[in-house]
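Okay, here's what each chain looks like letter by letter:
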Amino acid sequence: FSPGRTTARLTVTLSFNRSLGSVLQRQGRFDGAKDAFQRSYDLLVKLGDDRGQAMVLTGLGGVLQRQGRSSEALSAYENSVALGRKLRDMRHLAIVCTALGKFHLAQRRPLDAIKALDEAFDIEVGFRNKRGMNLVLGSLLRALRITGDRRRAIGVCEAALRLVPSDPFLHENLARLKALN
């Protein structure tokens with residue numbers, strides 16, 4: 001085999017496994033999705049592709065979480081965050097920190113959730129990414145409500161309103177928060 005052909009085959013195999021993992025995950029076939037994501041990850045390690053590894057680890061974390069394999073899911077998310085930081089890939093960090101925060105919230109660890117979701121929220125606001133901010137916002141407000149941090153929740157709503165001033169959800173939440181003693 002020539003190096004060019006081998007790399008091309010690895011790339012095709014990688015693309016197939018990543019796509020297969022995503023399709024199987026959406027179908028609820030988590031064992032198959034995990035195997036496909038793991039094969040993709042192993043190929044990305046061989047290729048030395050940190051960015052690809054980070055993306056696949058986020059997907060793998062989601063599958064492991066759905067399988068109830070919490071410690072493995074946490075490890076996948078944390079490794080994805082570490083790679084995102086190494087690459088200084090803020091868009092990836094926003095995505096994986098959102099996933100990690102939602103994971104912590106599901107595990108009833110609201111303080112850990114707030115840490116991850118705060119980071120994701122700040123990145124999304126910095127990018128002025130309304131869609132990304134909205135993906136983070138509900139979970140972040142929920143975690144802040146659980147911990148009783150009303151002041152921070154008001155600040156989050158106010159920051160979000162600067163980006164989307166006509167959002168009725170934000171106005172409703174802000175009014176509700178301010179009405180509390």
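See above for the structure.
To keep things clear, this report deals only with the structure shown in the data block.

Analysis parameters
Residues numbered from 1 in each chain as written. Predicted model: local features only at pLDDT ≥ 70, side-chain atom pairs only at ≥ 80, totals over all residues. Heavy atoms only, no water. Helix = DSSP H or I, 4+ residues; strand = E, 2+ residues; numbered from the N terminus. Buried < 20%, exposed > 50% of the residue type's maximum accessible area, 1.4 Å probe, protein only. Contact = heavy atoms within 4.5 Å. Areas by Shrake-Rupley, 256 points an atom, 1.4 Å probe, with all protein chains shown as cover. Core = buried A, V, L, I, M, F, W, Y, C linked by side-chain atoms within 4.5 Å. Phe/Tyr/Trp six-rings, centres within 6.5 Å; stacked < 30°, edge-to-face > 60°. Lys NZ or Arg CZ within 6 Å of the ring centre and 35° of its normal. Axes fitted to C-alpha atoms, helices over the stretch in contact; angles between N-to-C directions. Parallel < 35°, antiparallel > 145°, perpendicular 65-115°, else oblique. Left-handed = near helix turned anticlockwise from the far one by under 90°. Nonpolar A, V, L, I, M, F, W, Y, C, P; charged D, E, K, R; others polar. Expected span 1.5 Å × (residues − 1).

## What about the overall build of the protein?
Part 1 of the reasoning: Scanning the protein for helices and strands turns up 9 helices and 0 strands.
Part 2 of the reasoning: The helix and strand sequence of the protein, counted from the amino end, reads α-α-α-α-α-α-α-α-α.
Part 3 of the reasoning: Looking at the protein residue by residue over its 181 residues, the buried ones come to 44%.
Part 4 of the reasoning: Partitioning the contacts of the protein with sequence separation of at least 6, the portion at a separation of at least 24 is 49%.
Part 5 of the reasoning: Only carbon and sulfur atoms are counted for the fraction: they give 53% of the accessible area of the protein, which is about 10,200 Å².

## Structural notes on the nonpolar core
Part 1 of the reasoning: Membership of the largest hydrophobic core comes to 51 residues, with the highest contact counts inside it found for Tyr77, Leu100, Phe121, Leu137, Leu140 and Val156.
Part 2 of the reasoning: Going through the elements one at a time, helix H2 (30-47), helix H3 (50-66), helix H4 (70-87), helix H5 (90-106), helix H6 (110-127), helix H7 (130-147), helix H8 (150-163) and helix H9 (168-179) are the ones with two or more residues in this core.
Part 3 of the reasoning: Leu137 has contacts with Phe121, Val156, Ala160, Phe169 and Leu170, leaving out every residue within four places of it along the chain.

## Let's talk about the packing of aromatic side chains
Part 1 of the reasoning: Summed over all chains, the structure comprises 1 aromatic pair.
Part 2 of the reasoning: The ring of Phe127 is capped by Arg91, whose NZ or CZ atom sits 3.8 Å from the centre of that ring.

## Some words on the side chain of Ser80
Part 1 of the reasoning: Topologically, Ser80 is positioned in helix H4.
Part 2 of the reasoning: Setting aside chain neighbours within four positions, we find Ser80 in contact with Ala54, Leu57, Thr58, His92 and Val96.

## Things to note about the packing of H5 against H6
Part 1 of the reasoning: Direction vectors running N to C along H5 and H6 enclose 150°, while the axes themselves pass 7 Å from each other. Between H5 and H6, the interaxial angle falls into the category roughly antiparallel. Viewed along their axes, H5 and H6 form a crossing whose handedness is left-handed. Here Met90, Arg91, Leu93, Ala94, Cys97, Thr98, Leu100, Gly101, Lys102, His104 and Leu105 of H5 come into contact with H6, specifically with Asp112, Ala113, Ala116, Leu117, Glu119, Ala120, Ile123, Glu124 and Phe127.
Part 2 of the reasoning: When grouped by side-chain class, the residues that make up the contact of H5 with H6 number 12 nonpolar, 3 polar and 5 charged.

## Description of H4
Part 1 of the reasoning: Between the first and last C-alpha of H4 there are 26 Å, a value that for 18 residues agrees with the 26 Å anticipated at 1.5 Å per step.
Part 2 of the reasoning: Those residues of H4 not exposed but buried are Ala73, Leu74, Ala76, Tyr77, Ser80, Val81, Leu83 and Gly84.
Part 3 of the reasoning: Where H4 is buried, its residues contact H3 and H5.
Part 4 of the reasoning: Trailing H4 by a residue or two, Arg88 shows a phi angle of about 55°, which is positive.

## Quick look at the packing of H2 against H3
For any two helices packed against each other, the geometry is given by the interaxial angle and the distance between the axes.
Part 1 of the reasoning: Where H2 contacts H3, the two axes come as close as 9 Å, and the packing angle between them is 160°. Here H2 is positioned roughly antiparallel relative to H3, judged by the angle of their axes. The two elements H2 and H3 cross, and the hand of that crossing is left-handed. Along the contact surface, H2 presents Phe30, Ala33, Lys34, Phe37, Gln38, Ser40, Tyr41, Leu44 and Val45, while H3 presents Gly52, Gln53, Val56, Leu57, Gly59, Leu60, Val63, Leu64 and Arg66.
Part 2 of the reasoning: Taken together, the residues of the contact of H2 with H3 sort by class into 11 nonpolar, 5 polar and 2 charged.

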